[in-house]
Amino acid sequence: MPTGSSSMKCVAEFFTYETTKSVVVKSWTIGVINRAVQLLIISYFIGWVFLHEKAYQIRDTSIESSVVTKVKGFGKYSNRVMDTADYVTPPQGTSVFVIITKLIVTENQVQGFCPENQPEYSCESDSQCKKPSPITGGGILTGRCVNYNSTFRTCQIQGWCPAEVDNIPAPVMLEAENFTLFLKNSIRFPLFNFEKGNLLPNFTSQDIKNCRFDPVEHPFCPILRLGDIVRFAGQNFASLAEMGGIIGIKIGWVCDLDHSWERCIPSYSFNRLDTVSEKSSASTGYNFRYAKYYKQENGTEYRTLMKAFGIRFDVLVYGSAGKFNIIPTLINTVAAFTSVGVGTVLCDIILLNFLKGADQYKAKKFEEVTDAALSPNTPTSPMYRSSQTLGGRCEEKQSTDSGAYSIGL
């Protein structure tokens, strides 16, 4: 054979197209199952993937945010009028701040030696005070057992004296329930260079002064009453102010940028973040200590120690933005069309294993080719092979589709 002819034959064989043989099964059972599965898959992709999850969009979840807070209100505590400089800490207006509602004050502490006042440090001799320095208490143990009063002896400590007594009753500043919080939040989605804030354009300074946040009537008002925040979180303000706690203020920005700029709006939600510690008997609520330092005329330093109970507010900002993009649209469209083929796999499993006439379907779907079958003397007619394979057990006819056979089960 000439070399040129062999080359052309190879080229011709390379540029050929092969297709699978179709077997048309005329069965109501299989037909209903096939269409039902296809309908479920198509409904899932249209309803959930495309409409609900918006899989045709590219999304940006790396939200950039800044939060500014400002509390206003006056309260009365221990015959003193308290303003924001007294009960808000830290004072910089950050996204995490504390409203102090109860104080246990220990005044005029100086560095020196004094008896510990906790019952667990009671003693009768110096040997009981030579244990390692504790992480609790008012200072470092000196190893001496001294008189606390005429009837009670405790271990001596070195530190700020007199030692703090933190189990005494103290009043609660319930006026804090009516304090207001001004909340200003700015966000940016860097992928789309989209910026917005929670102060909507139609808000005026007069609106901000008069409105109070309400999830139904005023959902975009940036002025929130502290009592309402606690109530929205499902808590009681009096008990929370007594022992302290942590409340989360969540601002959600879930924006569809295929719509107009005005439709990207924040949503607010509230919950208590320390519910686990609330149920703990070892450490309940939220408190911390801080001190104010002074100097006497002779240069001796002294301080006023305060154990503060309060409500800590954490402003948490989250969000995502989506916008139409051709790449995820094509990927999910192809996935949808590919998944429709699951119906064919399921129907094949049923036909091959569970349905009456499964042997006939196997005979048409799978053909064994042997050397004898390829012999020149072996009839090669498709009709002949099929009738021999099926043994005349079913009616067979040529379909109008090229290469397709119909089986009436």
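Residues numbered from 1 in each chain as written. Predicted model: local features only at pLDDT ≥ 70, side-chain atom pairs only at ≥ 80, totals over all residues. Heavy atoms only, no water.

Caption draft 1: Representation of the packing of helix α9 (residues 342-353) against helix α10 (residues 358-365). Look at α9 against α10: their axes get within 7 Å of each other, and the N-to-C directions meet at 120°. Comparing their axes, α10 and α9 come out oblique. For the pair formed by α9 and α10, the contact residues are Asp-348, Leu-351, Leu-352 and Asn-353 on the first element and Ala-358, Tyr-361, Lys-362 and Lys-365 on the second. When the residues that make up the contact of α9 with α10 are grouped by side-chain class, the tally is four nonpolar, one polar and three charged. (Axes fitted to C-alpha atoms, helices over the stretch in contact; angles between N-to-C directions. Helix = DSSP H or I, 4+ residues; strand = E, 2+ residues; numbered from the N terminus. Parallel < 35°, antiparallel > 145°, perpendicular 65-115°, else oblique. Contact = heavy atoms within 4.5 Å. Nonpolar A, V, L, I, M, F, W, Y, C, P; charged D, E, K, R; others polar.)

Caption draft 2: How the structure looks around the environment of Phe-309. Within the fold, Phe-309 resides in strand β16 (residues 301-324). Of the residues examined, Phe-309 reaches a relative accessible area of 6% and is grouped as buried. When the C-alpha positions of Phe-309 and Gly-244 are compared, they lie 5.2 Å apart, and in sequence the two are 65 residues distant. Residues contacting Phe-309, with those up to four places away along its chain left out, are Ile-99, Ile-100, Thr-101, Lys-102, Ile-104, Glu-242, Met-243, Tyr-286 and Asn-287. (Buried < 20%, exposed > 50% of the residue type's maximum accessible area, 1.4 Å probe, protein only.)

Caption draft 3: Quick look at the pattern of salt bridges. In the structure shown here, the tally under the stated rule is eleven salt bridges. Arg-289 is paired through a salt bridge with Asp-166; the nearest N and O atoms lie 3.0 Å apart. In this pair, Arg-289 sits in strand β15 (residues 287-295) while Asp-166 sits in the loop between β9 (153-161) and β10 (180-189), placing the two residues 123 residues apart along the sequence. Across the salt bridge formed by Glu-195 and Arg-188, the nearest N and O atoms sit 3.6 Å from each other. Sharing partners across several salt bridges, the network here consists of Glu-164, Asp-166, Arg-289 and Lys-307. (Salt bridge = Lys/Arg side-chain N within 4 Å of Asp/Glu carboxyl O.)

Caption draft 4: A look at the packing of helix α2 (residues 28-52) against helix α8 (residues 326-339). For the pair α2 and α8, interaxial distance at closest approach is 9 Å and the crossing angle is 155°. Taken as axis vectors, α2 and α8 run roughly antiparallel relative to one another. Helix-helix and strand crossings are classified by hand; for α2 and α8 the assignment is right-handed. Residues Ile-41, Phe-45, Val-49 and Phe-50 of α2 pack against Thr-329, Asn-332, Thr-333, Ala-335, Ala-336 and Ser-339 of α8. For the contact of α2 with α8, the per-class residue count stands at six nonpolar, four polar and no charged. (Left-handed = near helix turned anticlockwise from the far one by under 90°.)

Caption draft 5: Summary view of the side chain of Arg-303. Positionally, Arg-303 belongs in strand β16. Look at Arg-303: it is buried, it has no salt bridge, and the nearest opposite charge is Glu-164 at 7.4 Å. Those residues in contact with Arg-303 that sit more than four places away from it in its chain are Thr-106, Glu-107, Asn-108, Gln-109, Trp-160, Ala-291, Lys-292, Tyr-293 and Tyr-294. (Lys, Arg positive; Asp, Glu negative; His and termini not counted.)

Caption draft 6: Spatial organisation of α2. The end-to-end C-alpha distance of α2 is 34 Å, a good match for the 36 Å that 25 residues give at a rise of 1.5 Å each. When we look at burial in α2, the residues that qualify are Ile-30, Asn-34, Val-37, Gln-38, Ile-41, Phe-45, Val-49 and Phe-50. For α2, the secondary structure elements touched by its buried residues are α8 and α9. Directly beyond the C-terminal end of α2, a positive phi value near 50° is found at Lys-54. (Expected span 1.5 Å × (residues − 1).)

Caption draft 7: Representation of α9 within the structure. With twelve residues, α9 should reach 16 Å at 1.5 Å per residue; the first-to-last C-alpha distance of 17 Å fits that figure. All of the buried residues in α9 are Gly-343, Cys-347, Asp-348, Ile-350, Leu-351 and Leu-352. Residues of α9 that are buried sit in contact with β1 (23-26), α2 and α10.

Caption draft 8: Local environment of the packing of aromatic side chains. Enumeration over the complete set of coordinates arrives at 14 aromatic pairs. With centroids separated by 6.0 Å and ring planes inclined at 85°, the aromatic side chains of Tyr-148 and Phe-152 adopt a geometry described as edge-to-face. Measuring from centroid to centroid gives 5.8 Å for Phe-213 and Phe-270, while their planes differ by 70°, and the two rings are edge-to-face. Of this pair, Phe-213 sits in the loop between α4 (205-210) and β12 (223-225) while Phe-270 is found in strand β14 (residues 267-272), placing the two residues 57 residues apart along the sequence. Side by side, Phe-213 and Phe-270 carry an identical accessibility label, which is buried. An aromatic cluster is built from Phe-213, Phe-232, Tyr-268 and Phe-270, whose rings are joined through pairwise contacts. Just above the ring of Phe-309 sits the side chain of Lys-102; from NZ or CZ to the centre is 4.3 Å. Its guanidinium or amino end placed over the ring of Trp-261, Lys-196 lies 4.3 Å from that ring's centre, counting from NZ or CZ. (Phe/Tyr/Trp six-rings, centres within 6.5 Å; stacked < 30°, edge-to-face > 60°. Lys NZ or Arg CZ within 6 Å of the ring centre and 35° of its normal.)

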